[in-house]
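Residue strings, one per chain:
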Amino acid sequence: MSRVMTSRARQLARAAWTEPRVPDPPRRVWRDWALLAVLVPVAVLEGLLRPDLPWRFAALAVAVGLIPTLLWRRTHPLPMVVVAFGTHTLMVVLGRAAGTEPPGLHTMAYLLLLPYSLFRWGSGREGMIGAPVVLGTAALAISLHYTGAADAIGGFAVLLASLELGMAQRHRAKARSRQLEEIRLLERERLARDLHDTVAHHVSAIAIRAQAGLAVSATDPDAAGAALRLIEAEAKRTLDEMRSMVRVLRRADGGAATRAPVPLVTDLGALALPHDGTGRPAVDVEITGEVGGLAPALSAAVYRLAQESVTNARRHARHASRIAVSVAADARSVRLRVSDDGDHVHPRSGATPGYGLLGMAERAGLLGGSLRAGPDPGGGWTVTAVLPRNGAGAA
């Protein structure tokens, strides 16, 4: 049993040691500069006004001098931890040698951001090297300036909480990244299935035309020639759809392809819903422009995007009485707009879009288009998608 546990511990340690850094960590942002703009005057005020501060100017210089380490805490977490906690250790030792309390400001609580960043953004190797530096500094400070068990336990608890919070945020971000990748793959598979159905339709048409051409080739050469021209047109469309499917599909489709007809723009009328007195919002559908000649993949994508947008509005729009779906097609593109008249929604800065919106944006992007979603100034929510007419062939 002990051998198994030892082997398991070694495997976990090896996995932690080899874990890579988080790719593309955010560099210095305005919030970092704002934090520095707040910490520097606070540290200066504490250093000048605090009456019981030993080594006043040295403590003030260290506190202010270490604040810039916060600017590089994401891109260089381990060096910043070593510099900051190494300097803090030196101050603790010098304070002990002089027989005074460890010189330092309460403002230096900002150092807790460094171990958090170490486990949030650093590699597993950096975390395993930096953790002993952080905890060793705390242990040395407690051993040289012991003030009681409560302070010792509280200090370690705060440090460990900082480390744990960094790890939790890291794993949460990884889990969300995996979910987003699954959504992208699922949307590719759905689009590939739609393309599969349209390709099967074209191939069936080619086979029928070929049989008809063979049947009349001996008696009516003109009809056979017409059949060949139709076969050529169907084959070209099939080739375009096949190219789209190959570009879109990213992994093998293990399930059987659906045999249900693929809904197209012309089927959007099925989404319409009149006022029925049940409190559900009515759905109005308006189509302008020529949509009959759209490529099947593009036509199906417009329907799917409209369907998902209407479903989201019915589910989330508070006090909405009407959902408007409009499709406008011209010679170059197709524009879809779905809006509701629900309550005003306050946009949240930096808010993460839901999985449904991400899947819709993925489908629009695969067809060479774009999708935007957000609150209207006058109230409600609007989804707008613009898809090029040649997007199915250039996905």
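An unreviewed UniProt entry lists the chain under the name histidine kinase, with Streptomyces aidingensis given as the organism. UniProt lists a comment for the chain under the heading Catalytic activity (unreviewed entry), and it reads "ATP + protein L-histidine = ADP + protein N-phospho-L-histidine."

1. Digging into the sheet that holds strand E1 (residues 282-288)
The strand order E1-E2-E3-E5-E4 describes an open sheet built from five strands, whose pairing is mixed. The strands lining the two open edges of the sheet, one partner per strand, are E1 and strand E4 (370-375). Each adjacent strand pair in this sheet contributes to an overall mean axis angle of 10°, direction not counted. Sheet analysis places strand E3 (residues 333-340) next to strand E5 (residues 381-388), joined by seven bridges and oriented antiparallel.

2. Quick word on the packing of helix H4 (residues 77-98) against helix H5 (residues 113-121)
Their axes nearest at 9 Å, the elements H4 and H5 cross at an angle of 155°. When the axes of H4 and H5 are compared, the pair comes out roughly antiparallel. For the pair H4 and H5, the sense of crossing is left-handed. For the pair H4 and H5, contact is made by Pro77, Leu78, Met80, Val81, Ala84 and Phe85 and by Leu114, Pro115, Ser117 and Leu118, respectively. Grouping the amino acids of the contact of H4 with H5 by side-chain chemistry returns nine nonpolar, one polar and no charged.

3. Description of helix H6 (residues 124-144)
Under the 1.5 Å per step criterion, the end-to-end length of H6 is 30 Å for 21 residues, consistent within 8% with the ideal 30 Å. By the burial criterion, the buried members of H6 are Gly124, Glu126, Gly127, Gly130, Ala131, Val134, Thr137, Ala138, Ala141 and Ile142.

4. Regarding unusual backbone geometry
The backbone of Asp24 sits at a positive phi, close to 50°, despite the residue not being glycine. Looking at the secondary structure, you find Asp24 in the loop between helix H1 (2-18) and helix H2 (30-49). Positive phi values are uncommon outside glycine, yet His319 reaches one of about 60°. Structurally, the position occupied by His319 is in the loop between helix H9 (296-316) and strand E2 (322-329).

Conventions used here
Residues numbered from 1 in each chain as written. Predicted model: local features only at pLDDT ≥ 70, side-chain atom pairs only at ≥ 80, totals over all residues. Heavy atoms only, no water. UniProt positions renumbered as here; feature names shortened; annotations may be inferred. Pairing = 2+ DSSP bridges. Helix = DSSP H or I, 4+ residues; strand = E, 2+ residues; numbered from the N terminus. Axes fitted to C-alpha atoms, helices over the stretch in contact; angles between N-to-C directions. Parallel < 35°, antiparallel > 145°, perpendicular 65-115°, else oblique. Left-handed = near helix turned anticlockwise from the far one by under 90°. Contact = heavy atoms within 4.5 Å. Nonpolar A, V, L, I, M, F, W, Y, C, P; charged D, E, K, R; others polar. Expected span 1.5 Å × (residues − 1). Buried < 20%, exposed > 50% of the residue type's maximum accessible area, 1.4 Å probe, protein only.

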